[in-house]
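As a plain string of letters, each chain reads:
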Amino acid sequence: MRCLVAVATRQSRFSDLKTFWQKPSEEIQAFWNKAEVGLKLTLDFVEGNIRIPGSDLLPSQASLIPLCTVFSDRKHITGEEEKLLQKWFLIANSFSRYSGAMETTLNQDLTALGPKCEGIHALYEILLRDLRAEPKVTVQDLERAGTNSPFFPLAFLAVIRRGAKDWFKGVQVHKDGFNEDQNIEYHHIFPRKHLNARNVDRFLRDEMANIAFLGQKANRRILARKPKDYLEDIAESAPERLKDQFVPMDRGLWELDRYNDFLVARRGMLADAMNEVLKG
């Protein structure tokens, strides 16, 4: 409905719908059709071009609406505009553009796009202006940040960008596999059982710096083994599989009593990788 409102009225507030519903039914149907096409193209763009494979990795659904408006109107988008839309989408989500006054911000963005959605550059410039700084993920951003963090999708994309593979079978990591055992799960590198036994704070235990992306069967296979034991097995047979998920290769950091040091090291690696995603 929000996409329909944006496509039809070039703003996002439902308060203007009273006038909209008074239009002839054929005109309402035409706007509905445009919004449907725009939304489908948006979802294809987010999954295909940006490679975010579903709403569980999408911090804000509001970020779909400007894209829907563009794809409902524009018959041609240049290569430069396509890259700007990708970058805008990632930065807007990672830095929580719509977490405050959502409608006000959304209306600002729809206004920037203009009546014919030719203002993609303006949309991006407003985002940078409102951030007041170069969009960059810092190590501090990742401290105590878990899978609900707006930065978590960047961690997933960084892993996908490296062509990361399952640690045991070597199958490339992707969201929905034909084999259910390969459907991706969020795996605690230092298993929860061992961290709970040491009374590790749950925010540190579940921090994204302790999360890897593995198939279901691999996750069950590791389950509660000590990290040093199973990581050494993988490092001996296929070390690149650990490196592609930004696991520090200093084996001393795999000891349970070095967990905090492991987090510090991996936060730095993840932050660098996320920033490369934003740049690319």
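The structure under discussion appears in the preceding block.
Residues numbered from 1 in each chain as written. Predicted model: local features only at pLDDT ≥ 70, side-chain atom pairs only at ≥ 80, totals over all residues. Heavy atoms only, no water.

1. Some details on the packing of aromatic side chains
Consideration 1: Scanning the entire structure with this criterion turns up 11 aromatic pairs.
Consideration 2: Seen in terms of ring centroids, F20 and W21 are 5.2 Å apart; in terms of plane orientation they differ by 55°. Their pairing is tilted.
Consideration 3: For W21, a relative accessible area of 44% gives the class partly exposed.
Consideration 4: Here the aromatic rings of F20 and F31 are separated by 6.0 Å at their centres, their planes lie at 55°, and the arrangement is tilted. Placement of F20 in helix α2 (residues 17–21) and of F31 in helix α3 (residues 25–50) is noted, with a sequence separation of 11 residues between them. Like F31, F20 is buried.
Consideration 5: Every member of this aromatic cluster is reached through a ring pair, and the members are F152, F156, Y186 and F213.
Consideration 6: Positioned above the aromatic ring of F14, the side-chain terminus of R2 is 4.2 Å from the ring centre.
Consideration 7: Above the ring of F203, the side-chain terminus of R202 is found at 4.2 Å from the ring centroid. (Phe/Tyr/Trp six-rings, centres within 6.5 Å; stacked < 30°, edge-to-face > 60°. Buried < 20%, exposed > 50% of the residue type's maximum accessible area, 1.4 Å probe, protein only. Helix = DSSP H or I, 4+ residues; strand = E, 2+ residues; numbered from the N terminus. Lys NZ or Arg CZ within 6 Å of the ring centre and 35° of its normal.)

2. Let's talk about the packing of helix α5 (residues 79–94) against helix α15 (residues 259–279)
Consideration 1: Where α5 contacts α15, the axes come no closer than 9 Å and their chain directions differ by 140°. Between α5 and α15, the crossing angle belongs to the class labelled oblique. Of the residues in α15, those in contact with K87, L90 and I91 of α5 are V277, L278 and K279. (Axes fitted to C-alpha atoms, helices over the stretch in contact; angles between N-to-C directions. Parallel < 35°, antiparallel > 145°, perpendicular 65-115°, else oblique. Contact = heavy atoms within 4.5 Å.)

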